[in-house]
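Read off the chains here:
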Amino acid sequence: MATEQPNLKYIKELSGNDRAFEQKFLGIVKGEFPVEKQHYIDCLGRKDFIATAEIVHKLKHKLNILGLENGYRVAVAYEEELKYGSHKLKDDFLKILNVIENYILTV
Amino acid sequence: MKCIIVDDEAAARAIVAKLCKDISSMEVVDEFSSAIEAIKFLNKEMVDVVFLDIHMPGFNGFDFVETLKAPPKVVLITSDKDLALQAYEYDTIVDYLVKPITKDRFSKSIQKVETAIANDSAVNKIESNTSINSGELFINIDRRLIKLKFNEILLIQALGDYIKIKTESKEYKVHNTLKKIKEKLPKDIFLQIHRSYIINFTKIIDIEDNSVLIEKSVIPISRSNKPELMRHLNLLK
């Protein structure tokens, strides 16, 4: 099955053809996402699963904004399992983060 | 309507700011990534509505609402649908938006805030029909205006967005603030002795250390209010 790809549908709907807003908003996402991803990696590296769940919670909004519906579902399940000290979905989640990272370099 | 946006995520703040910008009646006066900074702001400035993320580091949205002395209307914003029931336990929380917020849903939320503010001002108008000179106060309970005589009121307690008025025969819970009712009470018999209590000091039975006994209620006296209370007493030295 092909990997789900991010899209700008939500951002376009929100902007109502306001190109200045789109650019500004994408600038915010481009600045904020790498910091959040690194924070996620650091929290997981420390095995601080509560802090990891918190940053996954925040990251899942980015998945939503970028139209990653399946990715969002993975994030929801992952956040829950982290709260119980499990991280089985970490590889799936990292793949999603990498897809976003590559995507935002192209927009 | 003046609003602030409180969310530790910059992208989320940008979305709400854009949604507000598209509604002519809305004015974003400030944005905060920290709940603490927003509380400091609200202790100095008045706004009509706060768009508030529930999940913030160290301080969640419900803590935020409980901390505010006179909270404006609050619209909660979250990725979790599960907290909606808890949200509606707070009178000041008008709506609950799940991310990502759509334009249509946001517009409905603004309508809810406008309705809530309009309802509040209607209630305040009725409640201002108070007559200090005639020694009575009308309170609004379930759309009935109930007359209370000042000399029957024992004490008033703040309970979040409500006040509890205890009289010799009954207790009433009214959606209002201690600050507002204080303005309606005669100063020669009512005194605030704690941030959560105003008492009718003619009803005091005794005072012991930092508490007052009124009927069967023991009311705390705050250190800062004690000198004022002592000045009101006809004290035999």
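Further up the page is the structure itself.
The structure displayed is predicted, hence computed values, not measured ones.

The rules behind these values
Residues numbered from 1 in each chain as written. Chains lettered and ligands numbered in written order. Predicted model: local features only at pLDDT ≥ 70, side-chain atom pairs only at ≥ 80, totals over all residues. Helix = DSSP H or I, 4+ residues; strand = E, 2+ residues; numbered from the N terminus. Pairing = 2+ DSSP bridges. Axes fitted to C-alpha atoms, helices over the stretch in contact; angles between N-to-C directions. Contact = placed C-beta atoms within 7 Å. Nonpolar A, V, L, I, M, F, W, Y, C, P; charged D, E, K, R; others polar. Core = buried A, V, L, I, M, F, W, Y, C linked by C-beta atoms within 7 Å. Buried ≥ 20, exposed ≤ 12 C-beta atoms within 10 Å, placed from the backbone.

In this structure, Glu 136 of chain B sits in strand β6 (residues 136-141). Expressed as a C-alpha distance, the spacing of Glu 136 of chain B and Ile 153 of chain B, which sit 17 residues apart in the sequence, is 9.7 Å.

Residues and elements named next belong to chain B. In spatial order, the strands read β13-β14-β15; together these 3 strands make up an open sheet with antiparallel pairing. Only two strands of the sheet have a single partner each, and these edge strands are β13 (204-208) and β15 (217-220). Geometrically, the sheet is characterised by an average inter-axis angle of 25° between neighbouring strands, direction not taken into account. For strand β14 (residues 211-214) and β15, the ladder comprises 4 bridges, and the chain directions are antiparallel. Note on β15: the bridge partner recorded for Val 212 is Ile 219.

We now examine the interface of chain B and chain A. Taken together, the 11 residues of chain B in the interface contact 14 residues of chain A. Residue classes in the side of chain B that touches chain A are distributed as 6 nonpolar, 2 polar and 3 charged.

What follows covers the sheet that holds strand β1 (residues 2-6) of chain B. Two pairing modes exist for strands in a sheet, parallel and antiparallel, and in both the strands are linked by backbone hydrogen bonds. Residues and elements named next belong to chain B. Read across the open sheet, the 5 strands follow the order β2-β1-β3-β4-β5; overall the sheet is parallel. Each edge of the open sheet carries a strand with a single partner, namely β2 (27-32) and β5 (93-98). Between one strand and the next, the sheet's axes are offset by a mean angle of 20°, whatever the strand orientation. Sheet analysis places strand β3 (residues 49-53) next to strand β4 (residues 73-78), joined by 5 bridges and oriented parallel. Among the inter-strand pairings, Val 50 is bridged to a residue of β4, identified as Val 74.

Side chains of nonpolar character tend, in soluble globular proteins, to be buried together. Residue and element names in this part refer to chain B. Val 6, Phe 51, Leu 52 and Val 75 are the most contacted members of the largest nonpolar core, which has 54 residues in total. The element contributing the most residues to this core is helix α1 (residues 10-21), with 6 residues. With sequence-adjacent residues up to four places away left out, Leu 52 is seen in contact with Val 6, Gly 61, Phe 64, Val 74, Val 75, Leu 76 and Ile 77. Grouped together as the second largest cluster of nonpolar side chains are 18 residues, Ala 158, Leu 191, Ile 193 and Ile 199 included.

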